[in-house]
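Structural description and commentary
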Amino acid sequence: MNTRIILNVLRLRRQLRRRDRWSRRQLEAHQAHALRLLREHAYARSPFYRRFHAGLLDRPLTELPVLTKAQVMESFYELVTNPSVRLADVEAHVATLHGNERFRRRYWVASTSGSTGHRGLFLWNLVEWTTVLASYNRSFDWAGSRAGLTRRTKMAVVSSTTPWHQSARVGASVQSPWVPTLRLDSGDPVESIVERLNAWQPEVLVAYASMIRLLAEEQLAGRLHISPEFVFSASEVLTDRARRHAEAAWDKKPFDVYAATETAGIASECDLHQGMHLFEDLVITEVVDEDNRPVAPGTYGEKVLVTVLFSRTLPLIRYEMSDSVRLSAYPYCPCGRPFALIDGVQGRVEDVLHFPATSGGQVTVQPALFHRVMDTVPASGWQVVQEPNGLTVLLSGVREGFADAALADSLRREVAAQGAIVPSVKVRRVSAISRTGAGKAPLIKAGVT
Ligand SMILES: [Zn+2]
């Protein structure tokens, strides 16, 4: 089975490569055509969309209502285009997953971890799944790595090994003699991850951003000894410091990848590192404010609305994700690809913290402020947690001579400069930043309210 899928992915890769040379106009024509096919399919097969878009069937995308994860899960049975697929059966299937099994031998299923409140279940047939895999492979391809598919390449992936996460499902699908992959759980102790990476000596390293930073520190400290040709940061925010550390550690610029379970790959850096090119031929990404109005390039949006052009089993049209991203004010990259660039992902809206304002009411403080201050801290990991009585900053692996009090002062000053009543700031040293069930270590955790 895997061989067949890999051959399909290779075929699709050739097709995707041709799109790198498209003009903007060709890309837009493709989007319009693919969107029309998606909508026709949804209206023919999904009772949910017929109702949800009633009276709007021929209106432009931007006039359609926004779909939330809660709606997808509540209306799953009507939204899915195969009426025999029932949520309870899909859930039962997911609970037994441990490898590359398919639901009813036909659908690959992955679940989102529910870090934003609702757990989501998504499924893909063979054609869709091939596109999911090809979208991830595109990141390797753009970086210039022939990882795995045509040349045997040793890979190491440090992420979630929970079997129902998409990364684990993708791993199980491409596992083959061509892609010998060491999969490590980012929740494991660092010493054990370092030891196993040293033994494996990967040519390609893929990890969550927080793990890239930690591993770069380990390499610089002389405990990790690997020399990957390519380093990919998937998921979480890759801050400037993490980027610089990775470069110092391995003498390679890391490649940032933006992806989500619902969409698979959304954007990725090319080898010129001018930001991430959106995969606009696969997903239409609208960067919007809280009222779903488009946000101009150069400004962070509150969320993104994604339309997954290849989705058929569970069509996703203007599906809301709470990522705060910024379209580049300099839209094109010298590589000549027609795909728009995003030059910043500052995390999810949940990462925006609210503080009482000196003038009454509330002020919001953007994640970027904390990234900027915390990036100067010589630590292997950090997390800012907002609690009812102020901020707690967790630091791990802090180098000697660092003054916690100075950090607390500078955070108080920065937050005060936003017009907030100065919060209490506590700095706490921990042996490691604890990870979520999905193996992630968010940089900012909004308070218990
Ligand atoms: Zn480029």
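To be clear, the structure that these remarks concern was listed above.
Predicted, not measured: the structure shown is a model, and the values here were computed from it. (Residues numbered from 1 in each chain as written. Predicted model: local features only at pLDDT ≥ 70, side-chain atom pairs only at ≥ 80, totals over all residues. Heavy atoms only, no water.)

**Quick look at the coordination of the zinc ion**
On the protein side, the zinc ion has Cys270 (SG), His277 (NE2), Cys333 (SG) and Cys335 (SG) as donor atoms, found 2.2 to 2.3 Å from it. Angles of 100 to 117° at the metal separate the 4 donor atoms of the zinc ion, which places the site in the tetrahedral class. Ordering the donors of the zinc ion by residue number gives the pattern C-x6-H-x55-C-x1-C. Cysteine 333 sits in the buried class, given a relative accessible area of 6%. (Donors = N, O, S within 2.8 Å, 3.2 Å for Na, K, Ca; no water. Tetrahedral: all angles 85-135°; square planar, octahedral: opposite > 155°, others 65-115°. Buried < 20%, exposed > 50% of the residue type's maximum accessible area, 1.4 Å probe, protein only.)

**A short note on the layout of surface pockets**
The computed volume of the second largest pocket comes to approximately 640 Å³. Along the walls of the second largest pocket sit 34 residues, with Val190, Leu214, Ser380, Gly381 and Ser396 positioned nearest its centre. The set of elements that each furnish at least two residues to the lining of the second largest pocket consists of helix H9 (190–200), helix H10 (209–220) and strand E17 (381–387). Looking at which element gives the most residues to the lining of the second largest pocket, the answer is H10, with 8 residues. Looking at side-chain class alone, the lining of the second largest pocket contains 16 nonpolar, 9 polar and 9 charged residues. (1 Å grid on protein atoms, 1.4 Å probe; cavity = no way out; pocket = protein on both sides within 12 Å on 5 of 7 lines; lining within 4 Å. Points joined across faces, edges and corners; volume = space filled by probe spheres on them. Helix = DSSP H or I, 4+ residues; strand = E, 2+ residues; numbered from the N terminus. Nonpolar A, V, L, I, M, F, W, Y, C, P; charged D, E, K, R; others polar.)

**Description of a positive patch on the surface**
There is a patch of like positive charges on the surface, built from Arg11, Arg14, Arg18 and Arg21. You can see arginine 21 is positioned in the loop between helix H1 (2–19) and helix H2 (24–45). For arginine 21, a relative accessible area of 65% translates into the label exposed. (Patch = residues over 30% accessible without salt bridge, like charges linked within 9 Å, V, L, I, M, F, W, Y side chains within 5 Å. Areas by Shrake-Rupley, 256 points an atom, 1.4 Å probe, with all protein chains shown as cover. Salt bridge = Lys/Arg side-chain N within 4 Å of Asp/Glu carboxyl O. Lys, Arg positive; Asp, Glu negative; His and termini not counted. Charge placed at Lys NZ, Arg CZ, Asp CG, Glu CD.)

**Section: the environment of leucine 10**
With respect to the helices and strands, the residue leucine 10 is situated in helix H1. Taking C-alpha positions, leucine 10 is 35 Å from glycine 301, a pair spaced 291 residues apart along the chain.

**Examining the sheet that holds strand E12 (residues 319–321)**
In a beta sheet, neighbouring strands pair by backbone hydrogen bonds and run either parallel or antiparallel. Read across the open sheet, the 3 strands follow the order E10-E11-E12; overall the sheet is antiparallel. The sheet is open, and its two edges are formed by strand E10 (283–288) and E12, each paired on a single side. Adjacent strand axes in the sheet meet at a mean angle of 30°, parallel and antiparallel pairs treated alike. By the bridge criterion, 6 bridges tie E10 to strand E11 (residues 303–308) in an arrangement that is antiparallel. (Pairing = 2+ DSSP bridges. Axes fitted to C-alpha atoms, helices over the stretch in contact; angles between N-to-C directions.)

**A few points about the pairing of E10**
Within E10, 6 of the 6 residues are buried, leaving the element largely enclosed by the surrounding structure. Residues of E10 alternate between two faces, with Val283, Thr285 and Val287 on one and Ile284, Glu286 and Val288 on the opposite face, all of them buried.

**Describing the sheet that holds strand E20 (residues 444–445)**
In spatial order, the strands read E19-E18-E17-E20; together these 4 strands make up an open sheet with mixed pairing. Whereas interior strands pair on both sides, the edge strands pair on one side only; in this sheet they are strand E19 (425–430) and E20. In the packing of helix H13 (residues 404–417) onto the sheet, the strands contacted are strand E18 (390–396) and E19, and the crossing angle to E19 comes to about 140°. (Contact = heavy atoms within 4.5 Å.)

**Quick notes on H2**
Here H2 is 22 residues long and its end C-alpha atoms lie 31 Å apart, about the 32 Å a rise of 1.5 Å per residue gives. Considered for burial, the residues of H2 that qualify are Leu27, His30, Gln31, Ala34, Leu35, Leu38, Arg39, His41, Ala42 and Tyr43. Contacts from the buried residues of H2 go to H1, helix H3 (47–52), E10 and E11. (Expected span 1.5 Å × (residues − 1).)

**Comments concerning the pattern of salt bridges**
Considering all chains together, one arrives at 20 salt bridges under this definition. The closest approach of N and O atoms between aspartate 281 and arginine 19, which form a salt bridge, is 3.0 Å. One end of the pair, aspartate 281, is in the loop between strand E9 (276–278) and E10; the other, arginine 19, is in helix H1, and 262 residues separate them in sequence. You'll find aspartate 281 and arginine 19 in the same group, each marked buried. As a salt-bridge pair, arginine 243 and glutamate 269 come within 2.8 Å of each other at their nearest N and O atoms. Within this pair, whereas arginine 243 is found in helix H11 (residues 240–250), its partner glutamate 269 is found in strand E8 (residues 264–269), the two being separated by 26 residues in sequence.

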